[in-house]
Every structure is written in structure tokens, then in C-alpha cells.
Amino acid sequence: MRSIFRNFIGNLISKRQGTHFSEKIYLRQSIDLQVGLAGSGPNSGYEHFIRYGETEGRPHTFRRLRPGQTFIFDMALPKKALTGFEIYLGNEKAEASDFFELSLFDNGNAFYKTKLPYGAIALNHSTYILTGSITGLSEGVQVALSIPKTAKNDIWLLTKGISGHSAAEFKGVAFFDDPNTPNSGAIAISLSPVSQCNQNCPHCISKFSRQSFNKLSEKSQNEIRGLAQSGRISHISVDYSGDPFFTNARYFPLFDFIDELKCPFRIDTNGAYVDEENMRRVARSRLFAINFSLDAATGETHRRLRPGKISFETIIENIRLSIKILQETGRDDVMTSANFSIMRSNVDEVFDFVTLCQQLNLKNVNFSHVHVYQDDTNSESLSNFPEIYNEVYNKLLAQLLASGLTFHIPPPYLQGLETHGRRRCFTPWESAVILSNGDVQACCVPGTKIGNLHTSSFDQIWSSKEAQKFRQQATSPDGAICSQCAFFAHRGISEITSSR
């Protein structure tokens, strides 16, 4: 009752100031809130804000923009140049028919304008790269957000204060990244210690890396050990081109190596070789997330898309075992999720997949469109059949919002809607992929090799001309690889991500 009263008063106060405290959107700001509220702590978002959030400086109030309204705010441009910008937006509903207009003005003159659907708004923020770098701007650049009268739902503009806002306080964040200056702090490492997998998925992003057998050399291991010992690794993800449990059982003592590094790590697994002994072992380690890649809700579809010796039914039982062990060992802090690559041949199972994730007591479900890196998967991509995905989108989003799961879902495909730029990518500054043959990639997309640990140290590769050239592509709309990246193929549209 106390928290309900506080939430009521908070809404009342903020509405009088022209802003709103949004319980739903506040809880979607980060996963740590969801985990914290599930325990013995605060039992509402507003109570969490009163006790912790305000002191922590968490964003919490929103200016609501209703259909037919326009809001203008200032953009901070210390170098009078602009390559991209970030705006914190939210929406409690996202329908394929709704869109908003975004315009940039320099001293009252419009120099950039685009339209984006509500589905383009991440539930905590949206980030954009403009089509090329714009220089010679004044310090008076402003952003205008306009909601057409025909829109059915509102948009929320995130702020940090709770009283007395002026337009100047709604500042955008401009980006001025130097591609020649890599992140000197800790980075994330995606690791593949062997080039083998127990499944042979036709749509696998790392299929190219398994053309011959390779195992992580002692030299590559020592490079990774050095990074860990010097505090250069923020976390490790395994396994990019195989399965960590399969690798550990057949080829390489992966879990011994991970324990030695003493780094936080996440597991991506197909679930086929999960066993009780090793699951209990990783539950006692610095595991912070485990994701099960399934791409199906039925055994028949799973056998076709993920051919392997272990049955779908056994994999489902292995997931149940994993969740049980995490619960028994008090690891409620571990994020558990399942992944579903949406294709023409499995799109009808997306609804059953959400139900399956609920039944397995998973916390999160990730939907993404299949990434076409081989010609034989092009026919599966719904980019060739956008009407099929758009038809299920609203129903799937409604099911996810009511499911109690956190989720990630692609927005509907744009049809007849002009857009410019593309989504912001920080990957080449924040992470690297290390393959079993020593190759270092700037990201997970095939063709992004920037060096090899057998001939150069990681630090040499990280600051090499090849790495700088790739980072230059990441900030350019014309980058040969980045402009075709399947992760950012929706031309400036952010995926919808919920972290309740």
C-alpha cells in the first residue's frame, strides 16, 4: 500500500510539472532493476526510485508526446560537427501503422529529416548515425520530434529531473569518435577455442570458420591470459563458432581455461551437451548469463534447422536441468534466455516459442531475423517477404508484453517510408572475436578479420591500420561491410528491447 501511495504521489507531482513518472518504462531501463525487484527489495519501480534510483541518478521521468504534438530541444555540439546522435525515447505500445518525424535544425534551417515507425524506438533509447559527417554547424542545432495526428499511441522523451524542466535540459548526445583511437579500457571478448560444433545449422553466422579443424594455440591462450591479468577483459562470451559444453567434453578444457582467467563470462549454447556436473561447475563460477539457441518450438522444425544427434526433447530437458541447478545454487542473478532466428520456415512457431520460454522459467527471449551470409539461406529471409513478418508483428509484441519475459524483437519492415542513416555501432571500439586459428575479428560478421595472434600481439592488432580502417567503416554510411551488416540492415531502425 505504501508503494502504491508513493507511485500515485510521484505521478501526481510529475504531471503537475509537465512530466510523468512511468512505472513500465522505468522498470525497462536495465535488467538489474528486474532482478532486484524480484527479490526482497522494493516492490515497485517508484519505491526503487525513492530508495535508490534518485541517488544513483537513474533516468526516471518522461515528457509525454501525444499524437499531433511537437517537441524541440537543443543538441550539444562542442566541435560544431555531427556524425551521430542519441535520443532517449520510450513507448508503451508499438503498432506498425504509427511513425514519428525527426528533424534537425541549424539556426532555424532544417538540414536533416526522416520518418521512423514507433517500432524503431528501443524501450530505453534510440541511436542514429547520420548519412555522413555534417560539419560547419552552429551551436544552435535543435532536434524536433513530431507525432502525427494519425498516430494511435504516445511517445515518451526521457529526462533525469523530476521538476521544472526547460527545453535546454533535453540535450541530445552527439558522437565524435576517432576511428584511430581504440578503447584503451576493458573490452569484451567473444571466444571460439575450437572450430567444431555438434550441430550443422545452415544459417550459422560462423559457418565459414569450420572449414578445417583448429584448436586455440598456447600462444593465443597466453595472449588472452595477459589481457585478463591486466584487467583488459570486461567479460568473455563462449562460444562463437561451436558449443562450449561440446567443446569442453571433446576437444579443449574450456571451463578450466575460463576459471583460470577469473573473468565474468556468458555462455551461448545449443543445449545438446549440457550435463549436470559441468552446469553445477559453471553455476559456481563467474557466469552472468546463459543463452540457449533453439530457433524452433517443435522437434520437427528443430531437426531441420539445427541438425545433430541429440533430440530436441533431450535439449529441452537439459534446459530444465540448467534452470533447476541455477535455482538450487542461488544463482537468480544469472540472466537466462533463449534465441529464435526468424525465418520463412519457422515464423509460424514464434508464438509457441514464447509459451515454451515461459514454461521453461526463462527470463528473456530474443527474436532476430536470420542473417544471410550464405546464398542458401537467402530464401529463408523475411526481408524478401516483409508482409509475412509484419502480419505477425503486432500479435507477437502484444504476447511478449503480457508474458512477463524480457525480450528483444525486430520492428516491422518499412514500406513506403523514407529513412536516412543507420543505427549506431560501438562494436569495433568495445569488443573483439578470437577464433581457434588465432584470427582476431573486429566483430562477429564474416570478413572482419583485422589480424592474427600467431603473428602479432593483441595490442598490436587492436591499434593496427587494419583495425583503424574497419572503425572508419563503422562511422561511414559507405563502409563495404558495415553498410551491409544484417544487425543494422533496417536503415536507422532500432530493435525493440524490453528490460522490465
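As annotated in an unreviewed UniProt entry, the protein is Radical SAM core domain-containing protein from Methylobacterium cerastii. Database annotation for the protein, UniProt heading Cofactor (unreviewed entry): "[4Fe-4S] cluster".

Can you walk me through the overall build of the protein in this structure?
The number of helices and strands found in the protein is 15 helices and 22 strands. Counting across all 500 residues of the protein, residues that qualify as buried make up 56%. In the protein, 76% of the contacts between residues at least 6 apart in sequence involve partners at least 24 apart. Carbon and sulfur atoms make up 49% of the accessible area of the protein, which amounts to about 21300 Å² in all.

Is there a simple way to explain helix α8 (residues 276-283) in this structure?
Because each turn of an α-helix spans 3.6 residues, side chains separated by three or four positions end up pointing in the same direction. Of all the residues in α8, the buried ones are N278, M279, V282 and A283. For α8, the angular spread of buried residues about the axis comes to 140 degrees, placing them on one side. Contact partners of the buried residues in α8: α6 (244-250), α7 (254-261), β14 (265-269), β15 (287-293) and α10 (312-328). Measuring from the side-chain oxygen of the N-cap residue of α8 to the backbone nitrogen of E277 gives 3.3 Å; that N-cap residue is D275.

Before we go on, may I ask you to explain the pattern of salt bridges in this structure?
Pairs can form between side chains of opposite charge whenever their charged atoms are close. Summed over the entire model, instances satisfying the criterion amount to 13 salt bridges. With its nearest N and O atoms 2.5 Å apart, the salt bridge here joins E260 to R225. Note that E260 is positioned in helix α7 and R225 in helix α5 (residues 218-229), a separation of 35 residues in sequence. When its relative accessible area of 40% is taken as the criterion, E260 is described as partly exposed. Taking the shortest distance from any N to any O, the salt bridge between D256 and R281 comes out at 2.2 Å. Pair noted here: D256 is in helix α7 and R281 is in helix α8, with a separation of 25 residues, a long-range link. The class for D256 is partly exposed, based on a relative accessible area of 42%. Using a relative accessible area of 22% as the deciding quantity, one classes R281 as partly exposed. Taken together, the salt bridges that share partners define one network made up of E276, R280, K324 and E328.

When you look at the nonpolar core in this model, what are you seeing that I'm missing?
One recurring pattern in soluble globular proteins is that nonpolar side chains are buried together. The biggest cluster of nonpolar side chains holds 81 residues, and the ones touching the most others in it are L191, I236, F353 and F367. No other element matches the seven residues that α10 contributes to this core. Setting aside chain neighbours within four positions, we find F353 in contact with L294, A296, A297, A338, N339, F340, V365 and F367.

Please clarify how the environment of V350 should be interpreted in this entry.
Secondary-structure assignment places V350 in helix α11 (residues 350-359). In this structure V350 comes out as buried when scored by relative accessible area, which is 1%. Separated by 53 residues in the primary sequence, V350 and A297 place their C-alpha atoms 7.6 Å from one another.

How should I be thinking about the packing of α8 against α10 in this particular structure?
The description of two packed helices rests on the angle between their axes and on the distance between the axes. Here α8 crosses α10 at 40 degrees, and the two axes come no closer than 10 Å. Of the possible angle classes, the one that applies to α8 and α10 is oblique. Handedness of the crossing formed by α8 with α10: right-handed. Only L321, S322, I325, L326 and E328 of α10 make contact with α8, whose side of the interface consists of E276, M279, R280 and A283. Each residue belonging to the contact of α8 with α10 can be placed in one class, and the counts come to five nonpolar, one polar and three charged.

Honestly, the packing of aromatic side chains in this entry has me stumped. Any pointers?
Note on aromatic pairs: each is described by the distance of the centres and the angle between the planes. Here the structure, examined in full by the defined rule, presents 10 aromatic pairs. Look at F353 and F367: their rings are 5.9 Å apart centre to centre, the planes differ by 70 degrees, and that puts the pair in the edge-to-face class. Within this pair, whereas F353 is found in helix α11, its partner F367 is found in strand β17 (residues 364-369), the two being separated by 14 residues in sequence. Using a relative accessible area of 0% as the deciding quantity, one classes F353 as buried. Each ring, one from F458 and one from W462, has its centre 5.7 Å from the other, and the planes form 20 degrees; the classification is stacked. In this pair, F458 and W462 both sit in helix α14 (residues 458-462), four residues apart, roughly one turn of the helix. With respect to burial, F458 and W462 carry one shared label: buried. Three or more aromatic residues joined by ring pairs form one cluster here, namely F213, F246, Y251 and Y273. One residue, R344, lies across the ring of F385, its end atom 3.9 Å from the ring centre.

Teacher, can you tell me more about the pairing of β15 here?
The buried count for β15 comes to six of seven residues, which makes it a mostly enclosed element. When β14 meets β15, the two strands line up parallel, connected through five bridges. Bridge assignment links D268 to a residue of β15, and that residue is N291. Handedness of the β14-α8-β15 crossover: right-handed.

Each value, and the rule that gives it
Residues numbered from 1 in each chain as written. Predicted model: local features only at pLDDT ≥ 70, side-chain atom pairs only at ≥ 80, totals over all residues. Heavy atoms only, no water. UniProt positions renumbered as here; feature names shortened; annotations may be inferred. Helix = DSSP H or I, 4+ residues; strand = E, 2+ residues; numbered from the N terminus. Buried < 20%, exposed > 50% of the residue type's maximum accessible area, 1.4 Å probe, protein only. Contact = heavy atoms within 4.5 Å. Areas by Shrake-Rupley, 256 points an atom, 1.4 Å probe, with all protein chains shown as cover. Arc of directions from axis to C-beta. Polar contact = N/O pair within 3.5 Å; in protein donor to acceptor, adjacent residues only side chain to side chain. Salt bridge = Lys/Arg side-chain N within 4 Å of Asp/Glu carboxyl O. Core = buried A, V, L, I, M, F, W, Y, C linked by side-chain atoms within 4.5 Å. Axes fitted to C-alpha atoms, helices over the stretch in contact; angles between N-to-C directions. Parallel < 35°, antiparallel > 145°, perpendicular 65-115°, else oblique. Left-handed = near helix turned anticlockwise from the far one by under 90°. Nonpolar A, V, L, I, M, F, W, Y, C, P; charged D, E, K, R; others polar. Phe/Tyr/Trp six-rings, centres within 6.5 Å; stacked < 30°, edge-to-face > 60°. Lys NZ or Arg CZ within 6 Å of the ring centre and 35° of its normal. Pairing = 2+ DSSP bridges. Right-handed = clockwise from strand over helix to strand, strands pointing away.

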